Amino acid sequence: IPLRLVGSEIVYKRQVPQGNYAVQLGVFRSEANAIALKKRFIETLGDKIGSDVSIRSTNGLYKVVAGKSMTEQQAKSAVAIIRDALNIKAFTLKE
């Protein structure tokens, strides 16, 4: 999710994937809650990056993960923007 904040506008910038980081938006026991967060993410930050959001089921938990193949710096930048836009405790995830 190569994003950057310019003034009050979120700018989407397509880049060639370079790393092995993503952003974990949340983890839930309920698949419905994971789907709701994914939908909120897409509605708030747009379709351009929404296609990079996945729900991963592991051991009865549903992780909502955004982006793939980001560098650590790209992931950290995305976390800051996502935290501000959605008011959630997103964090970088090394894959």
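Before any of the text, the structure's been laid out above.
Reading the values: rules and limits
Residues numbered from 1 in each chain as written. Predicted model: local features only at pLDDT ≥ 70, side-chain atom pairs only at ≥ 80, totals over all residues. Heavy atoms only, no water. Helix = DSSP H or I, 4+ residues; strand = E, 2+ residues; numbered from the N terminus. Buried < 20%, exposed > 50% of the residue type's maximum accessible area, 1.4 Å probe, protein only. Areas by Shrake-Rupley, 256 points an atom, 1.4 Å probe, with all protein chains shown as cover. Core = buried A, V, L, I, M, F, W, Y, C linked by side-chain atoms within 4.5 Å. Expected span 1.5 Å × (residues − 1). Pairing = 2+ DSSP bridges. Axes fitted to C-alpha atoms, helices over the stretch in contact; angles between N-to-C directions.

Check the secondary structure of the protein chain and you find three helices and six strands. Moving toward the C terminus, one meets the helices and strands of the protein chain in the order β-β-β-α-α-β-β-α-β. Counting over 95 residues, the protein chain shows a buried share of 33%. About 5,800 Å² of surface is accessible on the protein chain, with carbon and sulfur atoms providing 49% of the total.

Moving on: the nonpolar core. Considering soluble globular proteins, one finds that nonpolar side chains tend to be buried as a cluster. Ranked by internal contacts, the top residues of the largest apolar core, which has 19 residues, are V23, L25, F41, I82 and I88. Looking at this core, the elements that each hand over two or more residues are β3 (21-28), α1 (31-45), β5 (61-70) and α3 (72-86). Take this core: its biggest share by element is five residues, from α3.

Now for α3. End to end, α3 covers 21 Å across 15 residues, agreeing with the expected 21 Å (1.5 Å per residue, within 8%). Every buried residue of α3 is listed here: Q74, A75, A78, V79, I81, I82 and L86. Positive backbone phi, approximately 55°, marks N87, located one or two places after α3.

The strand order across the open sheet formed by four strands is β4-β5-β3-β6, and the pairing between neighbours is antiparallel. On the outer flanks of this sheet lie β4 (53-58) and β6 (91-94), each paired with one strand and no other. Between one strand axis and the next, the sheet turns through 40° on average, direction left out of account. Across six bridges, β3 lies against β5 in antiparallel orientation.

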